[in-house]
Amino acid sequence: MSHLPPERRPPAPPDAVVFDCDGTLVDTEICWNRAYTTLFRHHGRAFTATDHATLIGQPMPVVGRLLATILGFPTHHSTRLAGDILDLALAELAAGAPARPGAIHLVRALADRGYRLAVASSAPRALVHQHLATIGLTDAFPVVLCAEDTDQPKPHPDIYLHACTRLGATPARSIAIEDSPPGVLAARTAGMYVIGVPAHPTISLAAHLTASDLHAPHLRTALGVPTGETPARPVATPAPRGAGRDPQGATHTGPGEAAAPPPTADVLDRQ
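Throughout this document, residue positions are counted from 1 along each chain, in the order its sequence is written. At least 70 in pLDDT is required for a residue's local features to be given in this predicted model, at least 80 for side-chain atom pairs to be given and counted, and no such filter applies to totals for whole chains, interfaces and linings, which use all residues. Calculation of side-chain values draws on the structure's entire complement of heavy atoms; hydrogens and water are dropped beforehand.

### Considering the sheet that holds strand β4 (residues 175-178)
Whenever strands of a sheet pair, they do so through backbone hydrogen bonds, lying parallel or antiparallel. Read from one edge of the open sheet, 6 strands run β3-β2-β1-β4-β5-β6, paired in parallel fashion. Since the sheet does not close on itself, it has two edges, and those belong to β3 (143-145) and β6 (209-210), each with one partner. At least two bridges found by DSSP between two strands are what make those strands a pair. Labels follow the DSSP assignment, with helices taken as runs of H or I lasting at least four residues and strands as runs of E lasting at least two, numbered in each case from the N terminus. Alignment of strand β5 (residues 193-196) against β6, held across 2 bridges, turns out to be parallel. Across the sheet, the residue bridging to Gly196 is Thr210, located in β6.

### What about the pattern of salt bridges?
One side-chain nitrogen of Lys or Arg within 4 Å of one carboxyl oxygen of Asp or Glu is enough to make a salt bridge. All chains considered together, the criterion is met by 8 salt bridges. Asp15 is the salt-bridge partner of Arg173, the closest N and O atoms lying 3.8 Å from each other. Here Asp15 lies in the segment before β1 (16-19) and Arg173 lies in the loop between α7 (158-167) and β4, a separation of 158 residues in the sequence. Given a relative accessible area of 36%, Arg173 falls into the partly exposed group. Between Glu92 and Arg34 there is a salt bridge, and its shortest N-O distance comes to 3.7 Å. Placement of the pair is Glu92 in helix α4 (residues 78-93) and Arg34 in helix α1 (residues 29-42), with a sequence separation of 58 residues. A simple rule labels every residue: compare its accessible area, found with a 1.4 Å probe on the protein chains alone, to the largest value its type can have, and call it buried under 20%, exposed over 50%, or partly exposed in between. A residue is classified by how much of its surface remains accessible, and Glu92, at 17% relative accessible area, is buried. With a relative accessible area of 28%, Arg34 lands in the partly exposed category.

### What to know about the pairing of β1
Both faces of β1 are covered, namely the face carrying Ala16 and Val18 and the face carrying Val17 and Phe19. Judged from the 4 bridges that link them, β1 and strand β2 (residues 116-120) form a sheet pairing that is parallel. When the sheet's bridge partners are listed, Phe19 is paired in β2 with Val119. Of the strand pairs in this sheet, β1 and β4 are connected by 3 bridges, and their pairing is parallel. The residue of β4 that forms the bridge with Val17 is Ile175.

### Side note on the environment of Ala190
In this fold, Ala190 is placed in the loop between α8 (181-189) and β5. Each C-alpha atom of the pair Ala190 and Pro157 lies 5.0 Å from the other, and the pair is 33 residues apart in sequence.

### A short note on the environment of Leu214
Among the secondary structure elements, Leu214 is positioned in the loop between β6 and α9 (217-222). Contact partners of Leu214, with chain neighbours within four places excluded, come to Thr24, Pro101, Gly102, Ala103, Leu106, Ile177, Val197, Leu219 and Arg220. Residue contacts are defined here by distance: any two heavy atoms, one from each residue, within 4.5 Å place the two residues in contact.

Listed below in structure tokens is the structure:
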């Protein structure tokens with residue numbers, strides 16, 4: 001846990017609060033872990049913590065290039081590898097990923113206080129909207145920006161700057177909530193105050209404030225939401241829905257510790 005540095009404290013109240021989606025609002029960790037473990041096993045490799053740290057939060061074209069390097073393929077196989085891992089991940093995600101602890105309660109509490117809210121994700125729109133529907137937060141965000149809304153994905157600040165503009169907010173007086181190093185860098189470069197909620201305890205985030213989850217009292221204090229405050233309107237969780245495949249737009253969010261299931265996609269063979 002980090003403390004509030006004297007040189008930068010959270011704006012009180014913030015102009016806006018902008019959330020990442022995968023790994024921040026939604027716990028996709030176990031799904032991506034299973035997918036990566038399956039892919040690496042297919043190619044005779046164990047998926048390690050080092051691989052995890054290298055891949056987390058990267059847009060899918062970058063993931064493809066990194067996978068080619070890690071698995072020993074020529075660079076021209078990058079697009080196929082990106083497609084393979086996305087196919088495997090989408091098969092895992094099809095049942096719907098749960099909200100991260102505290103996510104629904106926090107978003108509703110912020111909305112009840114009249115905060116301007118947005119989602120800024122490097123994942124494709126179909127996947128982001130599926131996640132928000134699954135956890136019952138579709139109506140909570142007037143602005144939802146996804147991979148299709150920028151040509152310069154995280155760690156470039158474009159999507160955060162765009163979100164603030166759409167909300168009529170000043171970035172320096174706004175707060176971003178992120179789970180990955182590229183996302184934290186994007187928000188910090190945009191000039192925002194950044195709260196990090198790493199999806200895995202081994203991930204180090206250069207955020208202004210870090211917390212293990214969205215229930216943390218010091219995180220809620222930074223956002224101006226008293227600990228124990230109950231949202232005015234509880235939300236039912238809808239049934240999960242499927243998502244489309246878009247290897248150029250998706251983002252890998254962190255892996256966890258679950259065992260891998262049998263392969264569910266025709267992954268690239270070393271030929």
